[in-house]
Structures are given as C-alpha cells and as structure tokens.
Amino acid sequence: MRNKLLCGAALLLSSLVVSAENSWIVDSQKEWQDQTLKKENIEFNKGFADPNAKESTFSSKIKTFDKKRSAKEIIFDQSPIWQNWDPISNIGPSNLQDAPVLLTVGPNNYWILGRYGNGKPKAKKGKKGKKPQTPQQKAPQVEFKAEPDKLAGFDIPLMTTQFPNQYNAPGGLEPGQGGYHAWQSRDMVNWVHHGPVTEKFSRWVTTAEYVDGKFYIYYDYPNDQDPHLYIDDNLFDGKPGQNMGLAFKDPSDGSDCAFIRDEDGKFHVIYENWSPIDANKRSWDSPLAGHAVSPDGIKDFKILPPAVDNRTTPTGKFAEYKHPHWLQHPDFKSNIAK
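Residues numbered from 1 in each chain as written. Predicted model: local features only at pLDDT ≥ 70, side-chain atom pairs only at ≥ 80, totals over all residues. Heavy atoms only, no water.

Trainee: I would appreciate a short explanation of the sheet that holds strand 8 (residues 96–106) in the present structure.
Mentor: The pairing of strands in a sheet comes from backbone hydrogen bonds and takes either a parallel or an antiparallel form. Reading across from one edge, 8-9-13-14-12-11-10 is the order of the seven strands in this open sheet, with mixed pairing throughout. Each of the sheet's edge strands pairs with one partner strand only, and the pair in question is strand 8 and strand 10 (148–151). Ignoring strand direction, the axes of neighbouring strands in this sheet form an average angle of 40°. Where strand 13 (residues 180–185) lies against strand 14 (residues 191–196), four bridges are found, and the strand directions are antiparallel. The partner of Q184 across the bridge, within strand 14, is V192. (Pairing = 2+ DSSP bridges. Helix = DSSP H or I, 4+ residues; strand = E, 2+ residues; numbered from the N terminus. Axes fitted to C-alpha atoms, helices over the stretch in contact; angles between N-to-C directions.)

Trainee: How do you make sense of unusual backbone geometry when you look at a structure like this?
Mentor: Keep in mind that most residues, glycine aside, have a negative phi and that most peptide bonds are trans. In this structure, the amide linkage connecting Y221 to the following residue, P222, adopts the cis form with an omega of 0°. Relative to the assigned elements, P222 resides in the loop between strand 16 (214–220) and strand 17 (227–232). For D212, which is not glycine, the phi torsion reads 50° and is therefore positive. Considering the arrangement of structural elements, one finds D212 in the loop between strand 15 (205–211) and strand 16. When its relative accessible area of 72% is taken as the criterion, D212 is described as exposed. (Buried < 20%, exposed > 50% of the residue type's maximum accessible area, 1.4 Å probe, protein only.)

Trainee: Could you clarify how one ought to interpret the environment of E147 in this entry?
Mentor: With respect to the helices and strands, E147 occurs in the loop between helix 3 (135–138) and strand 10. In this structure E147 touches L158, M159 and T160, once residues within four positions along its chain are discounted. (Contact = heavy atoms within 4.5 Å.)

Trainee: Mind showing me how you'd approach the pattern of salt bridges here?
Mentor: Two side chains with opposite charge may pair up if their charged atoms get near one another. All told, the structure shown has six salt bridges when counted by the stated rule. As a salt-bridge pair, D34 and K30 come within 2.9 Å of each other at their nearest N and O atoms. With D34 and K30 both in helix 1 (residues 29–34) and four residues apart, this pair spans about one turn of that helix. Given a relative accessible area of 37%, D34 falls into the partly exposed group. Of the charged contacts, one joins K239 and E174 as a salt bridge, the two residues approaching to 3.7 Å between their closest N and O atoms. With K239 in the loop between strand 17 and strand 18 (242–246) and E174 in the loop between strand 12 (166–168) and strand 13, this residue pair connects regions lying 65 residues apart in the sequence. With a relative accessible area of 41%, K239 lands in the partly exposed category. The partly exposed category is assigned to E174, whose relative accessible area is 31%. (Salt bridge = Lys/Arg side-chain N within 4 Å of Asp/Glu carboxyl O.)

Trainee: I tried to follow the nonpolar core on my own but got confused; where do I start?
Mentor: A general tendency of soluble globular proteins is for nonpolar side chains to be buried together. Counting 16 residues, the largest nonpolar core has L113, V197, F215, I217 and L235 as the members making the most contacts within it. Elements supplying a minimum of two residues to this core: strand 8, strand 9 (109–116), strand 13, strand 15 and strand 16. Each residue touching L113, except ones within four places of it in the same chain, is listed here: L96, A99, P100, V101, Y180, H181, A182, V197, A208, I217 and L235. (Core = buried A, V, L, I, M, F, W, Y, C linked by side-chain atoms within 4.5 Å.)

Trainee: Explanation requested: the side chain of N95 in the structure shown.
Mentor: Summarising the element assignment, N95 is placed in the loop between helix 2 (80–83) and strand 8. Discounting residues that sit within four places of it in the chain, N95 has contacts with R115, Y116, G117, N118, G119, F163, Q166 and W183.

Trainee: What is the right way to read the packing of aromatic side chains from this model?
Mentor: Note on aromatic pairs: each is described by the distance of the centres and the angle between the planes. Summed over all chains, the structure comprises 15 aromatic pairs. Judged by centre distance (5.5 Å) and plane angle (80°), the rings of W111 and F236 are edge-to-face. Separated by 125 residues along the polypeptide, W111 in strand 9 and F236 in the loop between strand 17 and strand 18 bring together distant segments of the chain. Overall, the relative accessible area of 3% leaves W111 in the buried class. An aromatic cluster of three or more residues is present, and its members are Y218, F248, F259, Y271 and F301. Geometry around F65 places K63 over its ring, the cationic atom sitting 5.7 Å from the centre. Taking NZ or CZ as reference, R186 lies 4.9 Å from the ring centre of F154, over its face. (Phe/Tyr/Trp six-rings, centres within 6.5 Å; stacked < 30°, edge-to-face > 60°. Lys NZ or Arg CZ within 6 Å of the ring centre and 35° of its normal.)

Honestly, it's all geometry; don't read function into it.
This is the structure:
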C-alpha cells in the first residue's frame, strides 16, 4: 500500500492566514492543484497527495504581498489512511501523567498505569521568568463535591471526580505514595481509579504483565537502569503489592526496557544495551537491544544473543505474537471456536 498524505497536511505549506480580506489558504485538492509550481512522482487524488515512487517532491507557487508579513498558522496533519487506522481522541484519563503502561487483561478489561496529575496543563514561563496563569487558574475556582455514582460493568461503589469520565473506586480514595496509580476501563472512554500501585522510589514504571491473576509491575531503580518488580494480586485496594526487588541486573547499564511472556510462561526482557557505545555521544540512544529470559520473571535471567542489532542487516521477518493469558481466556477460546 502506497503512503497517502493529506494534501493540506504533510506538504510543507499548509495554511497562511493574514487577514479575512487578504489571506492565502491552501487546503482543498483544487487549491493545492492551482498552487502547484512543480511536482514529481506525486498525484493529487480524492483529497490526498499520493506518491507513486520511493521519492516524491512537491514545490508550491510563491505568494507575495505588498507588505512583509508572517504566517498566522501552519498546520501539519497526517492522514489516517497512511496510518492504516482511524484516529480517536485521547483514550486515557485526562490527568494521566508520565510514561503510561497499558495492559489488556481480557475482553473489555483494560488497565492503564501512570502518575496521578491534577489535569492542568503546565504553565509556560513568561517575561522575567514569571509563569503566566493557565486558563484554569484565571477562572473562578469552584469547589468540587464528589457524589456516589454507577458505571456499567462495575459492581463496586464509585464516586464522581473532578475529571471527565473518571470515577474513584474505594482504592482510589487511598492517599498517593508518589508513584504510579492504576485505572481500569471497560470501553477505554470511562475510567475507574483504583489508587496507588508503586511508591515514590519506584515511580519509574516501564512495563507490566498479567500472570495467573497477578500483576507483575516492573520499575527502574535507579531511573533507566536495572528493572525491579512488584507482584500485586489486588489492584483494587489502593496499596502497592509485594516488592520483589531487583529482577534483572543489566550489565551494560543501559536505559529503558520492556517485558513480555511467551506461551511457555517464560519472561523475556528487551533492554537497551549500551555496552558497545558511548551513550552520551549518541543522544543517549543505542543501536543494540539486549535480550534475556527468565523462567518466572522474578530472577535468574539468562542473557541471550541480541534481539535487535542495527549494526547488522535486519532479517525482515515478522511473526504474530499471541499473549499467553489471552490464549487461556474463555472468551478468546469461544471466539476461536466460532
């Protein structure tokens, strides 16, 4: 499938607006065709710029004005056809912060882990280092009063929150501990907050797995090094589970990592390997991804040949990965049977 880009989006000039009476807007297919100076290996078709070769170029005409002026806005957007999916709004809680971890436990049972924020955008510094007020800070402050409520798919007591489409379960009323929190959803629109799952020292969560009714939550300690582990058999109580400590000692002192579990129940960690490079001379990035495996995900990780090594030629082979707990889920089995 050839890449297709929105005419008014992925090309360099999207929109130049100077005033209602004297403006230049290039947005529709006809406007892009009319403003084309030169193009090569690209066609405009049904509102899209459609490249028909590996390399394509486009140059627009130049718009001149009597007086010097600058663009009011330049909009860059990307076609959902090029992405091969339909764009939707933010699926997570509005106050979700830091690097979130999404885990699908079963059909219509989604969990997301992240830091609990106040939902307000960060204010940018103004002149002389002063922070201008956000729209929320300028607006009159109205005290929010939580009320009992119900949500389809949840048979536990819930309370409304100041955040849209978000509710507090009993665990969500527990005090935060400076780390990650857990939210649960049936539709990825409405979210139920279940409270803290890690502490302040373990706030650098990287990935999570679901194993026989237990959540394996991996965090870096220190940040970007050496994954540690919580095992939590109750994400509803608003308290961190059992801290198992160090799971894998990364000999390369690399950066972030991710864990997956295979059909045999073995845990695989893919970690950024810094052993062959000077990381601070490569924007803290490495072309090498290490690979280690453990029988239980808790300890005894054995280092295997690298999972990714961009210093060599990639194989180009792809395969499908089916998560073990999905294979055992009754709804999954029934769908396969159909």
